[in-house]
Amino acid sequence: MSNRLPLIAGNWKMNLDHQQAIALVQKLAWTLNDAGHDYKSVETAVFPPFTDLRSVQTLIDADKIEFSLGAQDLSKHESGAFTGEIAGSFLKKLDVKFVLVGHSERRSYHNENDEVVQAKTAAAFKHGLIPVICVGETLEELENEGAAAVPVRQTLAALANHAELGEFVIAYEPVWAIGTGKVATPEEAAQVCAKIREAIADAHSPEVAAATRILYGGSVKAANVAGFLKSTEVDGVLVGGASLDAEEFAGIVRFQKHISL
Ligand code: 13P
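Residues numbered from 1 in each chain as written. Predicted model: local features only at pLDDT ≥ 70, side-chain atom pairs only at ≥ 80, totals over all residues. Heavy atoms only, no water.

The name an unreviewed UniProt entry gives the protein chain is Triosephosphate isomerase, with Candidatus Rhodoluna planktonica as the organism. Taken directly from UniProt, the Subcellular location (unreviewed entry) text for the protein chain runs: "Cytoplasm". (UniProt positions renumbered as here; feature names shortened; annotations may be inferred.)

K.L.:
Which parts of the structure should I look at to understand the UniProt feature "active site" (unreviewed entry) in the protein chain?
P.N.:
According to UniProt, the "active site" (unreviewed entry) feature falls on His103 and Glu173. A stretch of 71 residues holds the annotated residues, and the largest C-alpha distance among them is 8.6 Å, short enough that they meet in one place. In the annotated set above, the residues contributing to the lining of the largest pocket are His103. As for its position among the elements, histidine 103 is in the loop between strand E4 (98-101) and helix H4 (104-109). Histidine 103 gets classed as buried once you look at its relative accessible area, which sits at 5%. (1 Å grid on protein atoms, 1.4 Å probe; cavity = no way out; pocket = protein on both sides within 12 Å on 5 of 7 lines; lining within 4 Å. Helix = DSSP H or I, 4+ residues; strand = E, 2+ residues; numbered from the N terminus. Buried < 20%, exposed > 50% of the residue type's maximum accessible area, 1.4 Å probe, protein only.)

K.L.:
For this particular structure, what's the right way to read the site of the ligand?
P.N.:
Around the ligand, the structure places 13 residues, and the nearest of them are Lys13, His103, Gly179, Ser219 and Gly241. Lysine 13 is positioned such that a nitrogen or oxygen atom in its side chain is 2.8 Å from an oxygen atom of the ligand. Within the side chain of histidine 103, an N or O atom sits 2.9 Å from an oxygen atom of the ligand. When the ligand sits alone it has 310 Å² of accessible area, and the protein chains cover 95% of it. The site holding the ligand turns out to be the second largest pocket. Across the shell around the ligand, the residue classes tally to four nonpolar, seven polar and two charged. (Near = heavy atom within 4 Å. Polar contact = N/O pair within 3.5 Å; in protein donor to acceptor, adjacent residues only side chain to side chain. Areas by Shrake-Rupley, 256 points an atom, 1.4 Å probe, with all protein chains shown as cover. Sits in = over half its atoms within 2 Å of the grid points. Nonpolar A, V, L, I, M, F, W, Y, C, P; charged D, E, K, R; others polar.)

K.L.:
Looking at this model, I keep getting lost on the pattern of salt bridges. Mind explaining?
P.N.:
Side chains that differ in charge, positive against negative, can pair when their charged atoms come close. Following the criterion strictly, the structure yields 15 salt bridges and no others. For the salt bridge of arginine 106 with glutamate 112, the shortest nitrogen-to-oxygen distance reads 3.0 Å. Under the relative-accessibility criterion, arginine 106 is labelled partly exposed at 24%. The shortest N-O distance in the salt bridge between glutamate 167 and arginine 213 comes to 3.6 Å. You can see glutamate 167 sitting in the loop between helix H7 (149-159) and strand E6 (169-172) and its partner arginine 213 sitting in strand E7 (residues 213-217), a full 46 residues away along the chain. (Salt bridge = Lys/Arg side-chain N within 4 Å of Asp/Glu carboxyl O.)

K.L.:
Explain the nonpolar core to me, please; I cannot follow it from the model alone.
P.N.:
Ranked by size, the top nonpolar core spans 66 residues in total, and within it Ile8, Ile133, Ile196, Tyr216 and Ile252 carry the most contacts. Sort the elements by how many residues they give to this core and helix H8 (residues 186-203) lands first, with seven residues. Not counting residues up to four positions away in its chain, the partners in contact with isoleucine 196 are Val135, Pro151, Val152, Thr155, Ile170, Tyr172 and Ile214. Ala9, Ala45, Ile130 and Ala171 belong to the second largest nonpolar core, which has 13 residues in total. (Core = buried A, V, L, I, M, F, W, Y, C linked by side-chain atoms within 4.5 Å. Contact = heavy atoms within 4.5 Å.)

K.L.:
How should the side chain of threonine 121 be read in this particular structure?
P.N.:
In this fold, threonine 121 is placed in helix H5 (residues 114-126). Beyond its immediate stretch of four places on either side in the chain, threonine 121 contacts Val101, Pro131, Ile133, Ala158 and His162.

K.L.:
Help me out: how do you make sense of the packing of aromatic side chains in this one?
P.N.:
The tally for this structure, following the rule as stated, stands at four aromatic pairs. For the pair phenylalanine 47 and phenylalanine 98, a centre-to-centre distance of 6.3 Å together with 35 degrees between the ring planes defines the contact as tilted. Of this pair, phenylalanine 47 sits in strand E2 (residues 43-47) while phenylalanine 98 sits in strand E4; the two residues are 51 residues apart in sequence, bridging distant segments of the chain. The residues phenylalanine 47 and phenylalanine 98 share a single accessibility class, namely buried. Each member of the aromatic cluster is reached from another via a ring pair, and the members are Tyr172, Tyr216 and Phe228. (Phe/Tyr/Trp six-rings, centres within 6.5 Å; stacked < 30°, edge-to-face > 60°.)

Right, here's the structure in full:
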């Protein structure tokens, strides 16, 4: 383990309405409390759909649950005639801390290219949100270019041309491992995370690279999380499907139990 605080992030994608969201967060908190979880040992963040954010914010605020709140996307624009879009300022007002940018589902279904991802990263910085910049290669890219080339390229593109970098997180999610049950090996994940960190050090500074949390995502479950987090290169996980089940996600949050430090 490094001295970076591990981040366990649950991306709910387009699942759970606001009532179901409340039920899940309550159950997750009860499960963790029952297990005597040390909330300070790891940062836990949930990324519900936009329509759930207010309800989840109210709940974690009222019950003092030590979870961070994340959104799944934001607009690159400030405000105005952009029907259906959500501004960073709206998210900030709801105490949202993190925002996913460039998730592979946005890149592929909504044609978000590196330029859009860079602009959304800028919008997140502008509003004091921490962008969780998602990067990863498709199976075809893996075969043609190896594992690290595309994630490194996407990382550098998202971080280019900012007057100043705010805090950010990188999530390495090989596209072929998302929702497929196919998982990168812990060694593969650690190698790519290490290459991303090296590239950040070269393009920006060793200090920025050392401070940045780099996560792995793609078919993470309670049963395989410890393998990824054994490496000092991997600072947490971004979890899709398994974050919808309170007990399973609590098992992931409590990964340290499975690692002999
Ligand atoms: P799964 O954990 O369902 O593979 O999804 C990963 C993901 O896309 C998280 O953002």
